Amino acid sequence: MLTPVLASLLPLLLLCRISFCQYSSDQCSWKGSGLTHEGHARDVEQVYLRCSQGSLEWLYPTGAIIVNLRPNTVSPAAARLSVCIKPSADSMGTNIYLDRNGKLRLLLREQDQTRGKVQCFSIQEGALFIEAVPHLDISRRITAFQYELVSDRLGPESRSLNAPCQPCSDAEMLLAVCTNDFVARGSIKKVEQEEEHSSVTVEISRLYRQKTQVFASGGVRVRRWTGHIKMPLKCGVRSGDGEFLFTGMVRFGEAWMGCAPRYKDFLRLYHEAQQQGTNPCQVDTD
């Protein structure tokens, strides 16, 4: 059921689409203040963000804003993108909805944002409609989140940080080596249980690829790297001997585990696919 404030904003929302309300854009990130709406609590402002990642910060929210997240290119692949947002730990003052052609679906309530849990949705599901929650004192209320655009070509697991814990198929394993944000050979040194996930400390002996620097070098003369990879708690990961091939995604600067076969099992699979000519890409296994 829509709140009275939201119900009163819907006609303005439709009007905004026709007449283009106040426009704010700096391509990747946006920072604004509800104080510019003072005396105009029913105002709706359009925000356009056109980068693969960025942030939004709305101080003292009043009224509502519509956040349009779109890549800065025109391509059929753009329709297969998903959007992931991660609220900051002190984000408050608004409810966040998905708006598709004036139809709203609740994504995050005000009280849920402080958990900082990542939420993902298809870019086809619409824009973000962020509605200020009425408060007598708005001076301490700030809505803030980071966002990333994610390619759906990597499969459903690319949208979820809590994907089901199940072994990858042979095809998924080979594709992960070619498409994931990081690919590394190494061993598990320690596993720590945190509130909502496990943190796996790894030592890397061969770094094939990393999208961002999630693994730190031991120095120029030491061909070793260390880092932490997160996994859902339900996966029940444990420390173990031997070498693994770690693959996965980087979300908001954190590495999340994808396929992680034992390295000897990956080698066998890779060489079999190489003989059959079915490898999706080449990997230096020497």
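Each remark here, short or long, concerns the structure printed above.
The rules behind the values
Residues numbered from 1 in each chain as written. Predicted model: local features only at pLDDT ≥ 70, side-chain atom pairs only at ≥ 80, totals over all residues. Heavy atoms only, no water. Helix = DSSP H or I, 4+ residues; strand = E, 2+ residues; numbered from the N terminus. Buried < 20%, exposed > 50% of the residue type's maximum accessible area, 1.4 Å probe, protein only. Areas by Shrake-Rupley, 256 points an atom, 1.4 Å probe, with all protein chains shown as cover. Core = buried A, V, L, I, M, F, W, Y, C linked by side-chain atoms within 4.5 Å. Contact = heavy atoms within 4.5 Å. Phe/Tyr/Trp six-rings, centres within 6.5 Å; stacked < 30°, edge-to-face > 60°. Lys NZ or Arg CZ within 6 Å of the ring centre and 35° of its normal. Pairing = 2+ DSSP bridges. Axes fitted to C-alpha atoms, helices over the stretch in contact; angles between N-to-C directions.

### A closer look at the overall build of the protein
Then step 1. On a plain count of helices and strands, the protein comes out with 4 helices and 17 strands.
Then step 2. In the protein, which comprises 286 residues, the proportion classed as buried is 44%.
Then step 3. Looking at the protein as shown, the accessible area adds up to about 15400 Å², and 51% of this sits on carbon and sulfur atoms.

### Details of the nonpolar core
Then step 1. With 25 residues, the main nonpolar core has Leu56, Val67, Ile85, Leu128, Ile130 and Phe145 as its most contacted residues.
Then step 2. At the level of secondary structure, the elements contributing two or more residues to this core comprise strand 3 (44-49), strand 4 (53-59), strand 5 (64-69), strand 6 (81-87), strand 7 (94-100), strand 8 (103-108), strand 10 (127-132) and strand 11 (142-151).
Then step 3. Excluding residues that lie within four positions of it along the chain, Ile85 makes contacts with Leu107, Leu108, Lys117, Val118, Gln119, Leu128, Phe145, Gln146, Tyr147 and Phe252.
Then step 4. Of all hydrophobic cores here, the second largest spans 19 residues; its members include Ala184, Val191, Val202 and Phe244.

### With respect to the packing of aromatic side chains
Then step 1. By the definition in use, this model includes 5 aromatic pairs.
Then step 2. With 6.5 Å between their ring centres and 65° between their planes, Tyr97 and Phe129 make a pair best called edge-to-face. On the criterion of sequence distance, the pair formed by Tyr97 in strand 7 and Phe129 in strand 10 is long-range, its members being 32 residues apart. In this structure, Tyr97 and Phe129 share a single accessibility class: buried.
Then step 3. Ring plane angle 40° and centroid distance 6.2 Å describe the contact between Tyr263 and Phe266, whose orientation is recorded as tilted. Of the two residues, Tyr263 and Phe266 both sit in helix 4 (residues 263-276), 3 residues apart, roughly one turn of that helix.
Then step 4. Judged by its relative accessible area of 5%, Tyr263 is buried.
Then step 5. Counting every residue linked through ring pairs, the aromatic cluster contains Tyr263, Phe266 and Tyr270.
Then step 6. Above the face of the Tyr263 ring, Arg185 is positioned so that its terminal group lies 4.0 Å from the ring centre.

### Digging into the sheet that holds strand 4
Then step 1. A sheet is described by the order of its strands in space; here 5 strands give the open sequence 2-4-11-6-9, paired in mixed fashion. Two strands in the sheet have a free side with no partner beyond their single neighbour: strand 2 (30-33) and strand 9 (119-122). The mean angle between the axes of side-by-side strands here comes to 20°, regardless of whether they run parallel or antiparallel.
Then step 2. Note: strand 4 against strand 11, 7 bridges, orientation antiparallel. Bridge assignment links Gly54 to a residue of strand 11, and that residue is Tyr147.

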